[in-house]
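Residue-level structure breakdown
One letter stands for each residue in the lines below.
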Amino acid sequence: MKNAQYSLIISFILLISSHLSGQTINTDRPDQTESSATVPNKSLQIESGALIGFAEASGISQRQILAPTSLFRFGLFQFAELRFVSQIEQFKNYNLGTDQLGISDLELGTKIQLFRKDGIGTEVALLSHWVIPSGSSILSNGVNGTMNKLCISHSLGENLSIGYNLGYNYFGIGQGNLMYSLAVGYSISNKVGVYIEPYGELTNLKTYVSNFDAGFTYLIHEQLQADFSFGIGLNNKMNYAAVGISWLMLRNKKHVLE
């Protein structure tokens, strides 16, 4: 049964990728700031990676591994996409000596572009995810949640751009979290880009957490991009490193018209 499922998935990917055409990929990873762009209509984009992080709070030290963490994006229209997030997590508590492995709650959502005008260089989009209590018992919140962001970006020239998010996340517990992020990106060449990014949140509308990350992307092909990033806590003990790969499977215009 599993072999049959894998064969269907591989066949589906090959079917879509057979209609590739020339458009450069635009990803939501590796930074925390979600792009204001949506994937092209009737196209599938897969953004996957692995992360290892360490944190310490209230005298408790733990390690977190996400491998893989995957975002699937499908273009519903020219201005909207459907999104699906799934990841496998492992938490190790050094104080208790426990090691937990499982699947986190699935996320189903959409991104809708609210404003885009050629020549201005500014885009605005609204992103919303429904967090479904479907993960392993040791990782699931057990209740429905929601994540919402306003995504804004500005092009400041041929090589420089900024993007920022403002949002509110509620996971069915407490009062929810207000969040922000600000990414500044620079294209070193037509293949290599770098970014820096302060980000943080007001957890439970009470405690302010401030972080910083940076990284780079490498365009292997117009529809294939690799990335590396790392982050640290500014007012908390946290650090992480991550690598990833993103693949755009774009339907060509002739096939779409047919």
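In case you missed it, the structure is sitting above this.
So, a few notes on the structure that sits alongside this text.

Parameters at a glance
- Residues numbered from 1 in each chain as written.
- Predicted model: local features only at pLDDT ≥ 70, side-chain atom pairs only at ≥ 80, totals over all residues.
- Heavy atoms only, no water.
- Helix = DSSP H or I, 4+ residues; strand = E, 2+ residues; numbered from the N terminus.
- Buried < 20%, exposed > 50% of the residue type's maximum accessible area, 1.4 Å probe, protein only.
- Contact = heavy atoms within 4.5 Å.
- Areas by Shrake-Rupley, 256 points an atom, 1.4 Å probe, with all protein chains shown as cover.
- Pairing = 2+ DSSP bridges.
- Core = buried A, V, L, I, M, F, W, Y, C linked by side-chain atoms within 4.5 Å.
- Phe/Tyr/Trp six-rings, centres within 6.5 Å; stacked < 30°, edge-to-face > 60°.
- Polar contact = N/O pair within 3.5 Å; in protein donor to acceptor, adjacent residues only side chain to side chain.

1. Here we look at the overall build of the protein chain
In terms of helices and strands, the protein chain carries 2 helices and 13 strands. Here the protein chain, with 258 residues, has 39% of them falling under the buried criterion. Considering only intrachain contacts with a sequence separation of at least 6, the fraction spanning at least 24 residues in the protein chain is 50%. Of the roughly 14,100 Å² of accessible surface on the protein chain, 63% is carried by carbon and sulfur atoms.

2. Structural notes on the pairing of strand S11 (residues 207-221)
Bridge count between strand S10 (residues 192-203) and S11: 12 bridges; the pairing is antiparallel. Bridge pairing in S11 links Leu 202 to Tyr 208. In sequence, S10 turns back onto S11 through a hairpin of 3 residues, with Asn 204 there showing a positive phi of about 55 degrees. With 10 bridges connecting them, S11 and strand S12 (residues 224-233) associate as antiparallel partners.

3. A short note on the nonpolar core
Listed in full, the 6 residues of the largest apolar core are Leu 51, Leu 66, Tyr 199, Met 238, Tyr 240 and Ala 242. In terms of residue count, strand S13 (residues 237-249) provides more of this core than any other element does, 3 residues in total. Among residues more than four places away in sequence, those in contact with Ala 242 are Ala 50, Leu 51, Asp 227, Phe 228 and Ser 229.

4. Here we look at the environment of Ile 46
Counting through the fold element by element, Ile 46 comes out in strand S1 (residues 44-57). Residue classification places Ile 46 among the buried positions, given a relative accessible area of 16%. Between the alpha carbons of Ile 46 and Phe 74 there is a distance of 8.9 Å; along the sequence they are 28 residues apart.

5. Notes on unusual backbone geometry
The omega torsion across Arg 29 and Pro 30 is 10 degrees, close enough to zero to call that bond cis. For Pro 30, the position within the fold is in the loop between helix H1 (2-17) and S1. Here the residue pair Ala 67 and Pro 68 is connected by a cis peptide bond, since its omega of -5 degrees sits within 30 degrees of zero. Position of Pro 68 relative to the elements: it lies in strand S2 (residues 60-75). Unusually for a residue other than glycine, Ser 58 sits at a positive phi of about 55 degrees.

6. What to know about the packing of aromatic side chains
The full count for this structure, using the stated rule, is 5 aromatic pairs. Look at Tyr 180 and Tyr 208: their rings are 6.5 Å apart centre to centre, the planes differ by 15 degrees, and that puts the pair in the stacked class. Of this pair, Tyr 180 sits in strand S9 (residues 177-187) while Tyr 208 sits in strand S11; the two residues are 28 residues apart in sequence, bridging distant segments of the chain. Taking relative accessible area as the criterion, Tyr 180 reaches 25% and is therefore assigned partly exposed. Since its relative accessible area comes to 43%, Tyr 208 is described here as partly exposed. Put simply, the rings of Phe 216, Phe 228 and Phe 230 touch in pairs and so form one group of aromatic residues.

7. Remarks on the environment of Ser 70
Examined against the element boundaries, Ser 70 turns out to sit in strand S2. Each C-alpha atom, one on Ser 70 and one on Gly 244, is 9.5 Å from the other, the two residues being 174 residues apart in sequence. With sequence-adjacent residues up to four places away left out, Ser 70 is seen in contact with Glu 47, Ser 48, Phe 84, Val 85 and Ser 86. Within the structure, the side chain of Ser 70 is placed 3.0 Å from the side chain of Ser 48, a separation counted as a polar contact.

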